[in-house]
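Residue-level listing of the chains:
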4 protein chains.
Amino acid sequence: MDRHDIEKLRVKLRWIIFGVNTPSGRLFDVALLWAILISVFCVVLESVTWIRSAYGQALRSAEWAFTILFTIEYGLRIWTANRRKVYVTSFFGIVDLVAILPTYVVELVAGSHSLSVVRGVRLIRVFRVLKLVRHLKEAHQLLRALQASRPKIVVFLSAVLTLAVITGTVMYELEGEEAGFTSIPTSVYWAIVTLTTVGYGDIAPRTALGQFVSACLMVLGYAIIAVPTGIVSMEFTRGRVVVAKRLRCARCGHQSTDRRARFCSRCGARMERRSRSRRLAGTPPHLG
Amino acid sequence: MDRHDIEKLRVKLRWIIFGVNTPSGRLFDVALLWAILISVFCVVLESVTWIRSAYGQALRSAEWAFTILFTIEYGLRIWTANRRKVYVTSFFGIVDLVAILPTYVVELVAGSHSLSVVRGVRLIRVFRVLKLVRHLKEAHQLLRALQASRPKIVVFLSAVLTLAVITGTVMYELEGEEAGFTSIPTSVYWAIVTLTTVGYGDIAPRTALGQFVSACLMVLGYAIIAVPTGIVSMEFTRGRVVVAKRLRCARCGHQSTDRRARFCSRCGARMERRSRSRRLAGTPPHLG
Amino acid sequence: MDRHDIEKLRVKLRWIIFGVNTPSGRLFDVALLWAILISVFCVVLESVTWIRSAYGQALRSAEWAFTILFTIEYGLRIWTANRRKVYVTSFFGIVDLVAILPTYVVELVAGSHSLSVVRGVRLIRVFRVLKLVRHLKEAHQLLRALQASRPKIVVFLSAVLTLAVITGTVMYELEGEEAGFTSIPTSVYWAIVTLTTVGYGDIAPRTALGQFVSACLMVLGYAIIAVPTGIVSMEFTRGRVVVAKRLRCARCGHQSTDRRARFCSRCGARMERRSRSRRLAGTPPHLG
Amino acid sequence: MDRHDIEKLRVKLRWIIFGVNTPSGRLFDVALLWAILISVFCVVLESVTWIRSAYGQALRSAEWAFTILFTIEYGLRIWTANRRKVYVTSFFGIVDLVAILPTYVVELVAGSHSLSVVRGVRLIRVFRVLKLVRHLKEAHQLLRALQASRPKIVVFLSAVLTLAVITGTVMYELEGEEAGFTSIPTSVYWAIVTLTTVGYGDIAPRTALGQFVSACLMVLGYAIIAVPTGIVSMEFTRGRVVVAKRLRCARCGHQSTDRRARFCSRCGARMERRSRSRRLAGTPPHLG
């Protein structure tokens, strides 16, 4: 197998691993999806005492199987990626690394460290769930809508926090320690619990004045919830019109409003299509 | 009564049972509606100890009356349906069967099985409430709006669950057993209770760091609620324009945008109207 | 004072009592508004033990003062109303009567009946707060928007209740008496508390399966809240355009889209305007 | 330094303190922002017992540093303001004063008054957080949207309160003292807690009838939340179109729809731009 064959294999694998528009690429994606879901489910189950004591050995075996699988996936992604540094330092590159690291680290430190450290490291495996985000294509539209309304969200959160700090302080003064308002940070926590209508009830006002202030805060929180809804609704309506019509260049990320564009207008790369014929014609998209 | 007479009766009954646009059809619907409501109400009341001991006999009689009524309805529906297999295997065909089965099954197994099995079987009768869905004409529009936004809802639910799994694990690490975070599944349950702003308070953070993470989760949950609202608002606005103008063919289900159409443009069947004259003219719609 | 003078007085008083577009009419409205607010506030305060024992006598005097005031108002409304029967049997006519009746009834029955009956009758006075609705002009638009979306709201409530009945029954089976699910009605109450994200926590699932079902219910409830929001948003947007442009006839209630109309196009009555000159010109609107 | 030099310095300082479109003005804003955040954070932390006893001295020093800083800022703002009376009596003028007063007052009264008064005065410092509002440019749009929908919000709040008063009274009658409904004000507090879906659970219905009324209230509250959302969504959509296109005169506040306007069409003042060249050209805007 000479250099040319290896390069051809690399390109083919890139198609499968990074692409989603070929049958084998889609199969790879679905298989990976299930591997992620089951592996996270195993981590979650392991924390239940009776499951750990009954099926501990099986869970540990499954853990190693998934870790090796994800290690191979990570290796292949690095090997086939067009721009390795970009992939390794990207959000998904770090998530892929974090998904496999804990199992190896625990193996290394198990003897010399305390149990709580080991437990902490093992729990990091749960961040593996973030690998799922890669498969949520619609997520990009959501994120873009959120990003577009960032200044409004900052204002909204500032307003919520300002209100929480002031009400928390007032309630700390009014209610005091008996009702659970032991310090301003705790009171602010209570104010956020109330403002967001969660309402645990672990801390609750007892004096008439405290209940009056709380009632005002609740009605305000109830009215304030309309604000982010209005913001997102607006961005959604706007986003739908603009985003839905674009075609994205696989190499440089440039978005074209011309849906029939065959070449990227910025970098000149050929636009990826869903037809199989183009793939066989030997013009692989520059993914990764 | 020869074969032709029976066929005529069947067509007439189909008009009453499946149709909604004739006086007798509407009467049948309203009567059935009340029978369903009262029968479900009886099942619900029977679970209250003092009502069961005081009115047990009356409730059991009512139960048999409703079961026989629904059995007759089920029989007639099968007999008069145009495409019997389609009806029997449809959602409403199964609901109609489930509505009558438990009473008969309990009668058969009562002697030989334990009480808890009998109780479980009897409670299935409550699914009878799903028979109501047939009468909610507007429900179709709602379901279609939901169906149209399915990919966005999947993304939304994935985001909520990913967030719940990660926060649940972090809180399990931070709070530990004393505050009720006994395992990751329990912590994830707590995260969902918090994120959806339900907030029972049976499990609540006690450490300062745990309360800080919770507060962040609440504000996020508060902001996230805007997303499904935005989605549904959008689909509603869109759905209203498209759906409201259509006329549906009773035979093939084809929807016409021409509201004055007298014949279906796909199968040629006469479009059902609300006027009584057309019904007497002898062109029954091919319902069922 | 002859008959003509009395009639003139009646017309003048009607202007003040039912009208809102003259200075004296507006003054009457504001005075009444404060009387209602203070009188309801008194009823609410009277239920607090220490306030009743300290200021009981003052509150009872105020109560009589307000009752006499509202009785005079009720008498004048009947006397000056154009169509007395319509007013007396209207929503506001009944509210005006209910606002004064309890005080007299208590006086009559106080000796011969038990204290709990007297307390119950006295509390009816709180419905006096409904007199406020008359002063909320914007409320009509809100009510019309709600009315327009009634079929959708019925579907929505039916869906919520169907879901609550089914989940309640399932949880009653899963959790049993220990966790508080003592009967299906109680479980349905719990399901509504959860679905609406209120979440008292007096009843909460304890088994893993129960917590899983609850979590599903919460996420569903979280998504369902988007539906009424979408409905109302839609109706609001639609309502704003249509309603804002209309002018209403004070006699027959007919709405004209011609904002400059000087006479009602249905009954020929002169349209009420806000200018003072027209009032002095002696053409009272036919209110009441 | 003669009079002219001082005037020039004053104008320059005004540019830095009130303006936001010059590099030094922006630097001043960011520095002030952090000072506010850290100083509020100190006040909040001081209320935690163990932090106060460990770092009390450091916190008190920081407090004095921030107070002196804010005093200088307040002094400069008064000195450089174009219309001093307007600034001093404006919302931000009062907030700036309240931000510095408590530290001085505590110093004066510390000896002669009780500790609780001192604590109360010290806590007023937390209102310093309102200084942040000045830096939220988007807040104006939010406030304007809220202001535009004020009549609708009044109706909405009146409806919520009317409902809370009536339900509270009914529940007070139904449930009585055992379940926590000790007086009508407490019951109204419970009704608001329920209606806004906060649901602490400190007061919860126990009788079947009480639970039924509560369930109705919850479903209503669930539906009512759609109303403010609809209102704000509407105002937002409307507000976005109108507000986004305007340019505001720094002197008279007049808003121009001509985004390229170089002079205010009402007062003739030069419109402030973000380019540095114009600033050096010596035409300071008449801010403050």
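Residues numbered from 1 in each chain as written. Chains lettered and ligands numbered in written order. Predicted model: local features only at pLDDT ≥ 70, side-chain atom pairs only at ≥ 80, totals over all residues. Heavy atoms only, no water.

Caption draft 1: The overall build of chain A, seen in detail. Per the secondary structure count, chain A includes 12 helices and 2 strands. Element order for chain A, N to C, with α for helix and β for strand: α-α-α-α-α-α-α-α-α-α-α-β-β-α. Taken across its 288 residues, chain A has 45% of its residues classed as buried. Counted over contacts in chain A with a minimum sequence separation of 6, partners at least 24 positions apart contribute 57%. Summed over all atoms, the accessible surface of chain A reaches about 14,800 Å², with 65% contributed by carbon and sulfur. (Helix = DSSP H or I, 4+ residues; strand = E, 2+ residues; numbered from the N terminus. Buried < 20%, exposed > 50% of the residue type's maximum accessible area, 1.4 Å probe, protein only. Contact = heavy atoms within 4.5 Å. Areas by Shrake-Rupley, 256 points an atom, 1.4 Å probe, with all protein chains shown as cover.)

Caption draft 2: Representation of the relation of the copies chain A and chain D. The transform that puts chain A on chain D rotates by 90 degrees and translates by 0.0 Å along the axis, for an RMSD of 0.1 Å. Expressed as an axis order, the relation between the two copies is that of a four-fold axis. Looking at chain A, a mere 20% of its interface residues are interface residues in chain D too, so the copies touch through different faces. (Least-squares fit on C-alpha atoms with pLDDT ≥ 70 in both.)

Caption draft 3: Representation of the interface of chain A and chain D within the structure. Every contact between the two is made by 40 residues of chain A and, on the other side, 41 residues of chain D. Here chain A meets chain D over a buried area of about 3,600 Å², counting both sides, of which 74% is carbon and sulfur. At the boundary of chain A with chain D, the tally comes to 3 residue pairs in polar contact (both at pLDDT 80 or more). Every element with two or more residues in the side of chain A that touches chain D is listed here: helix 8 (150-175), helix 9 (184-195), helix 10 (208-224) and helix 11 (226-243) of chain A. Residue composition of the side of chain A that touches chain D, grouped by class: 23 nonpolar, 14 polar and 3 charged. (Buried area = accessible area lost by both parts, 1.4 Å probe. Polar contact = N/O pair within 3.5 Å; in protein donor to acceptor, adjacent residues only side chain to side chain. Nonpolar A, V, L, I, M, F, W, Y, C, P; charged D, E, K, R; others polar.)

Caption draft 4: Structural view of the side chain of threonine 162 of chain A. Locating threonine 162 of chain A in the fold gives a position in helix 8. Not counting the four nearest positions on each side in its chain, threonine 162 of chain A is found in contact with Val129 and Leu130 of chain D.

Caption draft 5: Spatial organisation of the interface of chain C and chain D. Across the contact, 41 residues belong to chain C and 39 residues belong to chain D. Taken together, both faces of the contact between chain C and chain D bury some 3,600 Å²; the carbon and sulfur share is 74%. Viewed at the interface, chain D and chain C are joined by 0 salt bridges. On inspection of chain C and its partner chain D, the count reaches 3 residue pairs in polar contact (both at pLDDT 80 or more). Of all the secondary-structure elements, those providing two or more residues to the side of chain C that touches chain D are helix 2 (23-46), helix 6 (115-123), helix 7 (139-148), helix 8 (150-175), helix 9 (184-195), helix 10 (208-224) and helix 11 (226-243) of chain C. Ranked by residues supplied to the side of chain C that touches chain D, first place goes to helix 11 of chain C with 6 residues. Classifying every residue of the side of chain C that touches chain D gives 26 nonpolar, 11 polar and 4 charged. (Salt bridge = Lys/Arg side-chain N within 4 Å of Asp/Glu carboxyl O.)

Caption draft 6: The arrangement of the environment of alanine 215 of chain C in detail. As for its position among the elements, alanine 215 of chain C is in helix 10. A C-alpha to C-alpha distance of 49 Å links alanine 215 of chain C and valine 30 of chain C, two positions 185 residues apart in sequence.

Caption draft 7: Region of interest: the packing of aromatic side chains. Throughout the structure, instances matching the rule amount to 24 aromatic pairs over all chains. A centroid spacing of 5.8 Å and a plane angle of 65 degrees characterise the contact between tryptophan 64 of chain D and tyrosine 104 of chain D, whose relative ring orientation is edge-to-face. Placement of the pair is tryptophan 64 of chain D in helix 3 (residues 49-80) and tyrosine 104 of chain D in helix 5 (residues 91-109), with a sequence separation of 40 residues. On the basis of relative accessible area, tryptophan 64 of chain D is assigned to the partly exposed category, the value being 30%. The residue whose ring lies beneath arginine 77 of chain B is phenylalanine 18 of chain B, and the NZ or CZ to ring-centre distance is 5.3 Å. (Phe/Tyr/Trp six-rings, centres within 6.5 Å; stacked < 30°, edge-to-face > 60°. Lys NZ or Arg CZ within 6 Å of the ring centre and 35° of its normal.)

Caption draft 8: Representation of the relation of the copies chain C and chain D. Expressed as a screw transformation, the operator carrying chain C onto chain D has a rotation angle of 90 degrees and an axial translation of 0.0 Å, and the superposed copies differ by an RMSD of 0.1 Å. Residue by residue, only 20% of the interface of chain C is reproduced at the interface of chain D, so the copies engage with different surfaces.

Caption draft 9: Geometry of the packing of helix 9 (residues 184-195) of chain D against helix 10 (residues 208-224) of chain D. All names here are of chain D. Remark: helix 9 packs on helix 10, axes separated minimally by 8 Å, with the N-to-C direction vectors making an angle of 50 degrees. Considered as vectors, helix 9 and helix 10 are oriented oblique to each other. Together, Trp190, Ala191, Thr194 and Leu195 of helix 9 and Ser214, Leu217, Met218 and Gly221 of helix 10 make up the contact between the two elements. Residues of the contact of helix 9 with helix 10, tallied by class, amount to 5 nonpolar, 3 polar and no charged. (Axes fitted to C-alpha atoms, helices over the stretch in contact; angles between N-to-C directions. Parallel < 35°, antiparallel > 145°, perpendicular 65-115°, else oblique.)

Caption draft 10: Spotlight on the pattern of salt bridges. What the rule picks out here adds up to 44 salt bridges over all chains. When the shortest N-O distance is used, the salt bridge between arginine 77 of chain A and glutamate 73 of chain A registers 2.7 Å. Placement of both arginine 77 of chain A and glutamate 73 of chain A in helix 3 (residues 49-80) is noted, with a separation of 4 residues, approximately one turn of the helix. An identical accessibility class is assigned to arginine 77 of chain A and glutamate 73 of chain A; each is buried. With a shortest N-O distance of 3.5 Å, glutamate 7 of chain C and arginine 10 of chain C are connected by a salt bridge. Of the two residues, glutamate 7 of chain C and arginine 10 of chain C both sit in helix 1 (residues 3-18), 3 residues apart, roughly one turn of that helix. The network of salt bridges with shared partners includes Glu46, Glu63, Arg122, Arg125 and Arg128 of chain A.

Caption draft 11: Quick peek at a nonpolar patch on the surface. A contiguous nonpolar patch, built from Val30, Trp34, Leu37 and Ile38 of chain A and spanning about 380 Å² of accessible area, is present on the exposed surface. Looking at the secondary structure, you find valine 30 of chain A in helix 2 (residues 23-46). (Patch = residues over 30% accessible without salt bridge, like charges linked within 9 Å, V, L, I, M, F, W, Y side chains within 5 Å.)

Caption draft 12: Geometry of the side chain of arginine 128 of chain D. Tracing the chain through its elements places arginine 128 of chain D in the loop between helix 6 (115-123) and helix 7 (139-148). A distance of 3.1 Å separates the side chain of arginine 128 of chain D from the side chain of glutamate 63 of chain D, its partner in a polar contact.

Caption draft 13: View of the state of the cysteines. As enumerated under the stated definition, the model contains 0 disulfides over all chains in all. Between cysteine 42 of chain B, a free cysteine, and cysteine 216 of chain D, which holds the nearest cysteine sulfur, the sulfur-to-sulfur gap is 20 Å. (Disulfide = S-S within 2.5 Å.)

Caption draft 14: Broad picture of helix 2 of chain A. Over its 24 residues, helix 2 of chain A runs 35 Å from end to end, which matches the ideal 34 Å to within 8%, given 1.5 Å per residue. Gly25, Asp29, Leu32, Ala35, Ile36, Ser39, Val40, Cys42, Val43, Val44 and Glu46 of chain A are the residues of helix 2 of chain A that are buried. (Expected span 1.5 Å × (residues − 1).)

Caption draft 15: How the structure looks around the confidence of the model for chain A. Residue and element names in this part refer to chain A. In the predicted model, chain A carries a mean pLDDT of 79, and the fraction of residues at 70 or more is 75%. Predicted confidence in chain A is weakest over helix 12 (residues 276-280), with a mean pLDDT of 33, and strongest over helix 9, with 94. In this model residues 240-246 is a low-confidence stretch, pLDDT under 50, and it forms 13 contacts with partners more than four residues away in sequence or in other chains. Across residues 273-288, where pLDDT falls below 50, the model places 31 contacts with residues more than four positions away in sequence or in other chains. (pLDDT = per-residue confidence, 0-100.)

Caption draft 16: Unusual backbone geometry, seen in detail. Its identity is not glycine, yet threonine 197 of chain C carries a phi of approximately 60 degrees, on the positive side. Inspection of the secondary structure assignment puts threonine 197 of chain C in the loop between helix 9 and helix 10.

Caption draft 17: The arrangement of the environment of isoleucine 94 of chain D in detail. Residue and element names in this part refer to chain D. Positionally, isoleucine 94 belongs in helix 5. Residue class for isoleucine 94 comes out partly exposed when judged on its relative accessible area of 44%. Non-local contacts of isoleucine 94, meaning those with residues more than four positions away in its chain, are made with Val88 and Thr89.

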